[in-house]
Amino acid sequence: MFALIDERERNDKHVAEKGTRMTIKTLLLGLAASAAFAGNAQAATNLVVNGGFETWGLGANSDEFSTQYGPGNGQLQGWTTDGLAFVFVPGDIDAVGRYGGFSLYRPENGTNNGLTVSGQGGNFIASDADRGFGAPITQLISGLTVGREYNVSFEWAAAQQTNFFGDTFESWQVSLLDSGNNVTADYSTGFVNNPEAGFQPWRAASFRFTATEAAQTLRFWADGGPGGLPPFSLLDNVSVTDVPEPSSWVMLIAGFGLVGAAARRRRPATIAA
């Protein structure tokens, strides 16, 4: 009789362990699906067109891209400006603008200030931060969901135009505007101080906003001084992505809890003799 009881206990234990393994396997598959869902939500599509400024009609040539000036007019896909702003291409340190040749103090022209391309590499924007010459750089962002939260991120730095002398300060003022040109979200990087012929390294910045319309204008406005020196704010790697909804993370955390609960097996009940 005792042998029969032992055998029954072993069978019950085996069935319980098998059931627990199947439950954990099922939960793990569900958890993997939840994680994939949350990961996809987190790695959402960038709604900015040409956020790295690589789609540039003048190829390997650095140039001004203002809508008011010659060769670069309209050549930077997705972006517009009326201000003094340039696309700089690696390997071409001298741009051409409405006032002729233009360059920034940098190691390639004999100033060892450490100026480099951004962390993303490739092209970047240099915009005059003197409000007497600068103007906003804008793009209409489509595909927004009203009431949904979005994250704006970018890299920026500060530099100075060659053949001008003196300390400067630079920043970016970033806004979202509705169809009536009303500001619905506003962000400032704060100013950095830049010594004569200097460069302030690339840094990351980000902020969140809640969409008020399905399409809103993203506006970057370089701001700095003193006027006439001039200061230049640099920009690259711009993105607008949706912020994952809290429910995605709740599902993921709940899945971990269920797996932990299923892993705790009950001891088989002792059968009295």
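Residues numbered from 1 in each chain as written. Predicted model: local features only at pLDDT ≥ 70, side-chain atom pairs only at ≥ 80, totals over all residues. Heavy atoms only, no water.

Explain the pattern of salt bridges here, please?
Should their charged atoms come close, side chains of opposite charge can pair. The tally for this structure, following the rule as stated, stands at five salt bridges. Note that Glu-64 is salt-bridged to Arg-98, the shortest N-O span being 2.4 Å. You can see Glu-64 sitting in strand E1 (residues 63-64) and its partner Arg-98 sitting in the loop between strand E4 (94-97) and strand E5 (100-103), a full 34 residues away along the chain. Its relative accessible area of 29% is what places Arg-98 among the partly exposed residues. The partner of Arg-131 in a salt bridge is Asp-223, and the shortest N-O contact between them spans 3.7 Å. (Salt bridge = Lys/Arg side-chain N within 4 Å of Asp/Glu carboxyl O. Helix = DSSP H or I, 4+ residues; strand = E, 2+ residues; numbered from the N terminus. Buried < 20%, exposed > 50% of the residue type's maximum accessible area, 1.4 Å probe, protein only.)

Teacher, can you tell me more about the nonpolar core here?
The nonpolar side chains of soluble globular proteins are, as a tendency, buried together. Phe-65, Trp-79, Phe-154, Phe-209, Leu-218, Phe-220 and Val-238 are the most contacted members of the largest nonpolar core, which has 34 residues in total. Looking at this core, the elements with two or more residues in it are strand E3 (85-88), strand E7 (137-141), strand E8 (149-160), strand E9 (168-177), strand E12 (200-210), strand E13 (216-225) and strand E14 (231-242). No other element matches E8, which puts five residues into this core. In contact with Leu-218, not counting residues within four places along its chain, are Val-48, Trp-79, Ile-137, Thr-138, Gln-139, Ile-141, Val-152, Val-174, Ser-175, Leu-176, Val-238 and Val-240. Core analysis: the second largest hydrophobic core is formed by 15 residues, Phe-124, Ala-126, Trp-202 and Leu-234 among them. (Core = buried A, V, L, I, M, F, W, Y, C linked by side-chain atoms within 4.5 Å. Contact = heavy atoms within 4.5 Å.)

Before we go on, may I ask you to explain unusual backbone geometry in this structure?
Residues apart from glycine generally show negative phi values, whereas peptide bonds are mostly found in trans. Cis geometry marks the peptide bond from Gly-225 to Pro-226, where omega comes out at -5°. Note on placement: Pro-226 falls in the loop between E13 and E14. Between Leu-229 and Pro-230 the backbone carries a cis peptide bond, its omega angle lying at -10°. Topologically, Pro-230 is positioned in the loop between E13 and E14. The phi dihedral of Asn-163 is positive, around 70°, even though this residue is not glycine. Turning to its location among the elements, Asn-163 is positioned in the loop between E8 and E9. The class of Asn-163 is exposed, set by a relative accessible area of 61%. Of note in this structure, Asn-181 is not a glycine but carries a positive phi near 65°.

Sorry, what's going on with the pairing of strand E10 (residues 183-188) here?
Regular strands have side chains that alternate between both faces of the sheet. Judged from the five bridges that link them, E9 and E10 form a sheet pairing that is antiparallel. Within E10, the residue paired with Gln-173 across the bridge is Ser-188. Between E9 and E10, which pair antiparallel one after the other, the connecting turn spans five residues, and Asn-181 there sits at a positive phi close to 65°. (Pairing = 2+ DSSP bridges.)

Can you help me understand the pairing of E9 in this one?
With nine of 10 residues buried, E9 lies mostly within the body of the structure. One ladder, built from nine bridges, connects E9 with E13; its direction is antiparallel. Looking across to E13, one finds that Gln-173 is bridged to Trp-221.

Is there a simple way to explain the side chain of Asp-63 in this structure?
Along the chain, the position of Asp-63 falls in strand E1. Leaving out residues up to four positions away in the same chain, Asp-63 has contacts with Trp-56, Leu-58, Tyr-69, Pro-71, Gly-72, Ala-85, Phe-86, Val-87, Ala-95 and Val-96.

In short, the description is geometric, and any link to function would need to be established separately.
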